[in-house]
Amino acid sequence: MARRNENRVAVFRSIPTTMPPRIVAADREYTFILSGQGDLLEADDGVVGIGSGGAYALAAARALMAHTKLSASEIAQESLKIAAQICVYTNEQITVETL
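Residues numbered from 1 in each chain as written. Predicted model: local features only at pLDDT ≥ 70, side-chain atom pairs only at ≥ 80, totals over all residues. Heavy atoms only, no water.

Student: It is not clear to me how the packing of helix H2 (residues 54-67) against helix H3 (residues 72-86) should be interpreted in this structure. Could you clarify?
Tutor: The packing of two helices is summarised by the inter-axis angle and the distance between the axes. At a minimum axis distance of 8 Å, the contact between H2 and H3 shows a crossing angle of 135°. Comparing their axes, H3 and H2 come out oblique. In this structure, H2 crosses over H3, and the sense of that crossing is right-handed. For the pair H2 and H3, the contacting residues are Tyr56, Ala57, Ala60, Ala61, Leu64 and Met65 in the first and Ile75, Glu78, Ser79, Leu80, Ile82, Ala83 and Ile86 in the second. Its residues assigned to classes, the contact of H2 with H3 comprises 11 nonpolar, one polar and one charged. (Axes fitted to C-alpha atoms, helices over the stretch in contact; angles between N-to-C directions. Helix = DSSP H or I, 4+ residues; strand = E, 2+ residues; numbered from the N terminus. Parallel < 35°, antiparallel > 145°, perpendicular 65-115°, else oblique. Left-handed = near helix turned anticlockwise from the far one by under 90°. Contact = heavy atoms within 4.5 Å. Nonpolar A, V, L, I, M, F, W, Y, C, P; charged D, E, K, R; others polar.)

Student: So what exactly am I meant to see when it comes to H2 here?
Tutor: An α-helix turns once per 3.6 residues; consequently, residues spaced three or four apart project the same way. Compared with an ideal rise of 1.5 Å per residue, which puts 14 residues at 20 Å, H2 spans 20 Å between its outermost C-alpha atoms and is within 8% of the ideal. For H2, the full list of buried residues reads Gly54, Ala57, Leu58, Ala60, Ala61 and Leu64. Packed against the buried residues of H2 are H3. (Expected span 1.5 Å × (residues − 1). Buried < 20%, exposed > 50% of the residue type's maximum accessible area, 1.4 Å probe, protein only.)

Student: Explain the pairing of strand E2 (residues 31-35) here, please?
Tutor: Each regular strand displays side chains that alternate between the two surfaces of the sheet. Side-chain alternation along E2 places Thr31, Ile33 and Ser35 on a buried face and Phe32 and Leu34 on a face that remains uncovered. In the sheet, strand E1 (residues 22-26) pairs with E2 via five bridges, with the strands oriented antiparallel. Within E2, the residue paired with Ile23 across the bridge is Leu34. Linking E1 to E2, which pair antiparallel, is a turn of four residues. In the sheet, E2 pairs with strand E3 (residues 40-42) via three bridges, with the strands oriented antiparallel. Opposite Leu34, over in E3, you have Leu40 as the bridge partner. (Pairing = 2+ DSSP bridges.)

Student: What exactly am I supposed to notice about the side chain of Thr31 here?
Tutor: For Thr31, the location among the structural elements is in strand E2. For Thr31, a relative accessible area of 10% translates into the label buried. Those residues in contact with Thr31 that sit more than four places away from it in its chain are Val24, Ala25, Ala26, Leu41, Glu42, Ala43, Gly46 and Val48.

Student: Looking at this model, I keep getting lost on the packing of aromatic side chains. Mind explaining?
Tutor: Geometrically, a pair of aromatic rings is defined through the distance of the ring centres and the angle of the planes. Within this structure, the stated rule accounts for one aromatic pair. Between Tyr30 and Phe32 the ring centres are 6.0 Å apart and the planes differ by 20°, which places this aromatic pair in the stacked class. On the accessibility criterion, Tyr30 (37% relative accessible area) is partly exposed. (Phe/Tyr/Trp six-rings, centres within 6.5 Å; stacked < 30°, edge-to-face > 60°.)

Student: I tried to follow H3 on my own but got confused; where do I start?
Tutor: With 15 residues, H3 ought to run about 21 Å at 1.5 Å a step, and its terminal C-alpha atoms sit 21 Å apart, in line with that. Regarding H3, the residues found buried are Ile75, Ser79, Ala83 and Ala84. One side of H3 holds all its buried residues, which, seen down the axis, span an arc of 165°. In this structure, the buried side of H3 is in contact with H2. (Arc of directions from axis to C-beta.)

Here you go:
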């Protein structure tokens, strides 16, 4: 019985307790998510969401793209503000850096 419990502890220790770090990088043509493990994911439609409120921000960004003429930076900021109103783990302190 003790061996079985040790195996369970090992499994639980392997489960990440925090979200892995991710960053979004985009230009006029491509949008990528770069993970902390080195994975590079390309968005199907040029719109991505990451973090705890990522799904809310993604939905808001898609709606804003379809129904407004906002710039990409404005869409990112507005969709994050919407996500912050829905998700308690998302705050409204937003930094969007453009080159």
